[in-house]
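The primary structure of each chain is shown beneath.
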Amino acid sequence: DSGVTQTPKHLITATGQRVTLRCSPRSGDLSVYWYQQSLDQGLQFLIQYYNGEERAKGNILERFSAQQFPDLHSELNLSSLELGDSALYFCASSVDPGTGPGNTIYFGEGSWLTVV
Amino acid sequence: DAKTTQPTSMDCAEGRAANLPCNHSTISGNEYVYWYRQIHSQGPQYIIHGLKNNETNEMASLIITEDRKSSTLILPHATLRDTAVYYCITQGAQKLVFGQGTRLTINP
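All values reported here derive from a predicted model rather than from experimental measurement.

Draft legend 1. Highlighting the pattern of salt bridges. Residues and elements named next belong to chain A. Enumeration over the complete set of coordinates arrives at 4 salt bridges over all chains. With its nearest N and O atoms 3.7 Å apart, the salt bridge here joins R63 to E82. Here E82 lies in the loop between β8 (74-78) and β9 (87-94) and R63 lies in the loop between β6 (53-57) and β7 (64-68), a separation of 19 residues in the sequence. The class for E82 is partly exposed, based on a relative accessible area of 43%. Between D85 and R63 there is a salt bridge, with the nearest N and O atoms lying 2.8 Å from each other. In this pair, D85 sits in the loop between β8 and β9 while R63 sits in the loop between β6 and β7, placing the two residues 22 residues apart along the sequence. Members of the salt-bridge network, linked through shared partners, are R63, E82 and D85.

Draft legend 2. Up close: the packing of aromatic side chains. The tally for this structure, following the rule as stated, stands at 14 aromatic pairs over all chains. Centroid distance B:Y36 to B:F98: 6.0 Å. Interplanar angle 65°. Geometry classified as edge-to-face. With a gap of 62 residues between them, B:Y36 in strand β3 (residues 32-38) and B:F98 in the loop between β8 (84-91) and β9 (102-107) connect regions that are remote in the sequence. The class for B:F98 is buried, based on a relative accessible area of 9%. Ring-pair connections join several aromatic residues into one group, and the members of that group are A:Y35, A:F45, A:F90, A:Y106, A:F107, B:Y32, B:Y34, B:Y36, B:Y46, B:Y87 and B:F98.

Draft legend 3. Geometry of the side chain of B:R68. With respect to the helices and strands, the residue B:R68 is situated in the loop between β6 (61-64) and β7 (70-75). Buried and unpaired, B:R68 has no salt bridge, with B:E31 as the nearest side chain of opposite charge at 5.9 Å.

Draft legend 4. Expanded view of the state of the cysteines. According to the stated counting rule, one finds 2 disulfides over all chains in the structure shown. For A:C23, the disulfide goes to A:C91, at an S-S distance of 1.8 Å. As the torsion about the S-S bond is roughly -60°, the A:C23-A:C91 disulfide counts as left-handed. Taken together, the residues A:C23 in strand β3 (residues 19-24) and A:C91 in strand β9 connect sequence positions 68 residues apart. For the residue pair A:C23 and A:C91, the accessibility class agrees, reading buried in each case. Considering cysteine sulfurs only, B:C22 is the nearest to B:C12, which forms no disulfide, with 18 Å between them. Assessed through its relative accessible area of 8%, B:C12 is described here as buried.

What counts as what
- Residues numbered from 1 in each chain as written.
- Chains lettered and ligands numbered in written order.
- Predicted model: local features only at pLDDT ≥ 70, side-chain atom pairs only at ≥ 80, totals over all residues.
- Heavy atoms only, no water.
- Salt bridge = Lys/Arg side-chain N within 4 Å of Asp/Glu carboxyl O.
- Helix = DSSP H or I, 4+ residues; strand = E, 2+ residues; numbered from the N terminus.
- Buried < 20%, exposed > 50% of the residue type's maximum accessible area, 1.4 Å probe, protein only.
- Phe/Tyr/Trp six-rings, centres within 6.5 Å; stacked < 30°, edge-to-face > 60°.
- Lys, Arg positive; Asp, Glu negative; His and termini not counted.
- Disulfide = S-S within 2.5 Å.

Now the structure itself:
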């Protein structure tokens, strides 16, 4: 158990709909990351937040947005869903936004999103 | 972030040491080498990391060459539960950039 909690674990929704994925980081971690893993794409970095502020952006679509709240939990909002958005969405957290010997990134177990 | 090159797949017999190589010839001086593994669509699991010295923990050992252009992850006594995709990542910026990894299969 990494200490990173993601909900829901599984979600099935229709095209055109909107969903919200939730992540609680490990206790004491200020930085949250979102990754997408689809069958043919591998693990793709989407976005990172640190203490409520966006720090880095990756291959995140305009239909997707995220935020980190004052209690440090984060939400990933996916809207106008398409079949191709079906994937595993992982949240990860770390103490700091940068790198260093103590700043290991830990991943949650993911949220399976199926768009039908 | 520096790019890494790993074999697509490897096999190892149960009980033997599994040695997974990784090339990171463009690594810069302040980038760490991290290893993660992913067991069948579970969340990536942190294994070990290092900068220039060899490292060992309860899961594995990491050997980094003196020029830092390559490294080897060693699982000393592989078990069936070690079957997974292993990712070697060099981390200099905030995020981890995953490649395709090595699919390690431990055979009984």
